[in-house]
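Listed below are the residues making up each chain.
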Amino acid sequence: SERPLRARTRPGRLSAFDRWLALQPRPSGALLDVGFGVSAVTTAELAAAFPETRVLGVESDSTRVEAARRAFPALELLAGELGALTGLPPLAGLR
């Protein structure tokens, strides 16, 4: 039987990665936050850290995406499996 996923999304969860990413050359493509989870807070933090870069959040659970769109209306959030999405912009990185 499949083990249920544990909710790990919380503010600051990826802050160490974001600090490292901020030290890298500025991305020339979009940044993609794959599987943002219960809340798009990690996507919002990434967008705040890189305001000049297009940031997209992707989550396979469409119910979560709908809730995240209400909570973070300024974010670009997509529902679906990463491999099945079409029309994505050139990517500078995945998180």
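The model shown is predicted, which means the values in this text are computed figures rather than measured ones.

Student: An account of the overall build of the protein is requested, with residue identities and associated values reported.
Tutor: A count of helices and strands for the protein gives three helices and four strands. From first element to last, N terminus to C terminus, the protein shows the α and β order α-β-α-β-α-β-β. The burial tally for the protein puts 31% of its 95 residues in the buried class. If you take every contact in the protein between residues at least 6 apart in sequence, the share linking residues at least 24 apart comes to 62%.

Student: Could you give an account of the side chain of Thr 42, naming the residues involved and the relevant values?
Tutor: Within the fold, Thr 42 resides in helix H2 (residues 41-49). Judged by its relative accessible area of 3%, Thr 42 is buried. At a separation of 2.8 Å, a polar atom in the side chain of Thr 42 contacts the side chain of Asp 33.

Student: Give a description of the pairing of strand S3 (residues 76-79) that names residues and reports values.
Tutor: Bridging between strand S2 (residues 55-59) and S3 involves four bridges; their strand directions are parallel. Within the sheet, the bridge partner assigned to Glu 59 lies in S3 and is Ala 79. Since S2 and S3 lie parallel, the crossover through helix H3 (residues 62-71) that links them has a hand, and here it is right-handed.

Student: Give me the lowdown on the nonpolar core, citing residues and values where you can.
Tutor: Ranked by size, the top nonpolar core spans seven residues in total: Phe 36, Ala 40, Ala 44, Val 65, Ala 68, Leu 75 and Leu 77. Excluding residues within four positions of it along the chain, Leu 77 makes contact with Phe 36, Ala 40, Thr 43, Gly 57, Val 65, Ala 68, Arg 69 and Phe 72. Within the second largest apolar cluster, five residues are counted, among which are Leu 21, Leu 31, Leu 46 and Phe 50.

Student: Residue-level account of the side chain of Asp 33, with values.
Tutor: Here Asp 33 is to be found in strand S1 (residues 30-34). By relative accessible area, Asp 33 is classed as buried at 2%.

What counts, and where the lines are drawn
Residues numbered from 1 in each chain as written. Predicted model: local features only at pLDDT ≥ 70, side-chain atom pairs only at ≥ 80, totals over all residues. Heavy atoms only, no water. Helix = DSSP H or I, 4+ residues; strand = E, 2+ residues; numbered from the N terminus. Buried < 20%, exposed > 50% of the residue type's maximum accessible area, 1.4 Å probe, protein only. Contact = heavy atoms within 4.5 Å. Polar contact = N/O pair within 3.5 Å; in protein donor to acceptor, adjacent residues only side chain to side chain. Pairing = 2+ DSSP bridges. Right-handed = clockwise from strand over helix to strand, strands pointing away. Core = buried A, V, L, I, M, F, W, Y, C linked by side-chain atoms within 4.5 Å.

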